[in-house]
Amino acid sequence: MSARTTLACEIDLEAPGKRHGFLRLPHSTHESAYGFIPIPIAVIARGTGPTVLLVAGNHGDEYEGQVALGRLIREVEPAQVSGRLIILPAANFPAARAGRRVSPLDDGNLNRLFPGDPDGSITEQIANHIANILLPMCDAVIDLHSGGSSLMYTPSALIRRSDDAAHFARSVAALKAFGAPLSYVVIPGTNGGRTLSDTAFQRGVLHIGTELGGGGHATPEAIRIAERGIAGVLRHLGAADIPWDADAPTRPTRILDVRGADYYVHAPDPGVFEPLAELGAEVREGRPAGLIHHTETPWRAPTPVSFARDGVVLVKRWPGMTARGDCLFHLGTDTGL
Ligand code: CA
């Protein structure tokens, strides 16, 4: 019995060729009694080979992947594909249209709601369709994220650590094929196990995530890293031959670990955050990470924040205004992989 979904796909995902259209999610509102939410989807398929699901806009304010997958839809032709690419460039479409991390319709954070629920909220229905209709068709999934509005990453790709040595080796090989400047390995279930990548991991589907930049904008550099990485992984998987990485066919990556709470720095006080470490910097335990300035009580000395361990700065908070509990930094440490 196939899984239940509330979304109707306008295009045939099975036949060879290239098609685009929308996943129609019925949404009855005051303005539109019989309307649907149009979630863009495309397929490019030819012959036999792996099926790869490429997702962006899982968080709506993370733009590099949305831009790169738009180019994939416009430029890649079936002759370049051996297998099938299913492309979902604005997965949480209401959030992507609003340029927000979460959906303005139900406050749904898609990447915290997998594997979804066909009887749930709008965002849970989207998660259900991806997890239970699309993912079972796929041999691999690439989920393109960045830091969004509140974080800025050094452009990186990531996988999950696995006790299954063969699966982990395949994941590491795909990570190297993506070739981001930095890569890292996270412990499964870090975000409650409700992410698309965790769902793929739990089902033994090869998966790669990215954190390409952020700050609520997209740079040409980060978009090129996304494009080259997509081309590298699709060639590595034997799914497509796209020349986007022709200028840099091999791109060595440094693979880091991200583990426990001591890798993270959180704001101990509200105020204005002054970061004192740059992305990619090597830092030491106890080194100053930043200052929290008390602009409402400026006679009070700023609160110093320090790193709890040695490591490489992978991400920093982007906006100045900061609440107690906001993530200011997280680090990675060398894996030797
Ligand atoms: Ca994200």
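Note that the coordinates shown come from a computational prediction; the quantities given were computed from them, not determined experimentally.

Draft legend 1. Focus on the sheet that holds strand β15 (residues 288-293). What the four strands build is an open sheet, ordered β16-β15-β13-β18; its pairing is antiparallel. Taken across any chain shown, the strands that pair with only one partner, and hence form the sheet edges, are β16 (303-306) and β18 (321-322).

Draft legend 2. Fine view of the packing of helix α4 (residues 165-178) against helix α6 (residues 220-237). Direction vectors running N to C along α4 and α6 enclose 135 degrees, while the axes themselves pass 7 Å from each other. As far as their axial angle goes, α6 and α4 are oblique. In this structure, α4 meets α6 at a crossing whose hand is right-handed. Residue-level inspection shows Ala173, Ala174, Ala177 and Phe178 of α4 in contact with α6, the latter providing Ile225, Ala226, Arg228, Gly229, Ile230, Gly232, Val233 and His236. Classifying every residue of the contact of α4 with α6 gives eight nonpolar, three polar and one charged.

Draft legend 3. Summary view of the packing of aromatic side chains. Taken as a whole and assessed by the stated rule, the structure comprises three aromatic pairs. Judged by centre distance (6.4 Å) and plane angle (5 degrees), the rings of Tyr153 and Tyr184 are stacked. Within this pair, whereas Tyr153 is found in strand β7 (residues 151-153), its partner Tyr184 is found in strand β9 (residues 182-186), the two being separated by 31 residues in sequence. Across the pair, exposure class does not vary: Tyr153 and Tyr184 are buried alike. Ring pairs connect the aromatic residues Phe273, Phe307 and Phe329, which therefore count as one cluster. The side chain of Arg309 reaches across the aromatic face of Tyr263, ending 4.4 Å from its centre.

Draft legend 4. Main features of unusual backbone geometry. The residue after Phe114, namely Pro115, is reached through a cis peptide bond having omega 5 degrees. Inspection of the secondary structure puts Pro115 in the loop between α2 (93-98) and α3 (122-134). The phi dihedral of Asp107 is positive, around 65 degrees, even though this residue is not glycine. You can see Asp107 is positioned in the loop between α2 and α3.

Draft legend 5. Broad picture of the side chain of Glu64. Residue position: Glu64 is located in helix α1 (residues 64-75). Among the polar contacts listed, one links the side chain of Glu64 to the side chain of Ser146, at a separation of 3.1 Å. Sequence-distant contacts of Glu64, that is, excluding residues within four places in its chain, are made with Ser146, Leu212, Gly213, Gly214, His217, Ala218, Ala222, Ile223 and Ala226.

Draft legend 6. Structural detail: the coordination of the calcium ion. Distances from the calcium ion to its protein donors, namely His59 (ND1), Glu62 (OE), Glu62 (OE) and His145 (ND1), fall within the range 2.4 to 2.5 Å. Positions of the donor residues of the calcium ion along the chain correspond to the pattern H-x2-E-x82-H. Of this pair, His59 sits in the loop between β4 (51-55) and α1 while His145 is found in strand β6 (residues 140-145), placing the two residues 86 residues apart along the sequence. Comparing His59 with His145 shows no difference in burial state: the two are buried.

Draft legend 7. Seen up close, α6. With 18 residues, α6 should reach 26 Å at 1.5 Å per residue; the first-to-last C-alpha distance of 26 Å fits that figure. Among the residues of α6, Ala222, Ile223, Ile225, Ala226, Glu227, Gly229, Ile230, Ala231, Gly232, Val233 and Leu234 are the ones counted as buried. Buried residues belonging to α6 abut β4, α1, β5 (83-88), β6, α4 and β10 (206-211). Of the residues one or two after α6, Gly238 is the one with positive phi, at around 75 degrees.

Draft legend 8. Looking closely at α1. If you check α1, its first and last C-alpha atoms are 17 Å apart, about what twelve residues at 1.5 Å a residue would give, namely 16 Å. Taken residue by residue, α1 has Glu64, Gly65, Gln66, Ala68, Leu69, Gly70, Leu72 and Ile73 as its buried positions.

Draft legend 9. Highlighting the pattern of salt bridges. By the definition in use, this model includes 22 salt bridges. Linking Asp257 and Arg259 is a salt bridge whose minimum nitrogen-to-oxygen distance equals 3.5 Å. Connected through salt bridges with shared partners, the residues Arg71, Glu75, Arg224 and Glu227 form a single ionic network.

Thresholds applied
Residues numbered from 1 in each chain as written. Predicted model: local features only at pLDDT ≥ 70, side-chain atom pairs only at ≥ 80, totals over all residues. Heavy atoms only, no water. Pairing = 2+ DSSP bridges. Helix = DSSP H or I, 4+ residues; strand = E, 2+ residues; numbered from the N terminus. Axes fitted to C-alpha atoms, helices over the stretch in contact; angles between N-to-C directions. Parallel < 35°, antiparallel > 145°, perpendicular 65-115°, else oblique. Left-handed = near helix turned anticlockwise from the far one by under 90°. Contact = heavy atoms within 4.5 Å. Nonpolar A, V, L, I, M, F, W, Y, C, P; charged D, E, K, R; others polar. Phe/Tyr/Trp six-rings, centres within 6.5 Å; stacked < 30°, edge-to-face > 60°. Buried < 20%, exposed > 50% of the residue type's maximum accessible area, 1.4 Å probe, protein only. Lys NZ or Arg CZ within 6 Å of the ring centre and 35° of its normal. Polar contact = N/O pair within 3.5 Å; in protein donor to acceptor, adjacent residues only side chain to side chain. Donors = N, O, S within 2.8 Å, 3.2 Å for Na, K, Ca; no water. Expected span 1.5 Å × (residues − 1). Salt bridge = Lys/Arg side-chain N within 4 Å of Asp/Glu carboxyl O.

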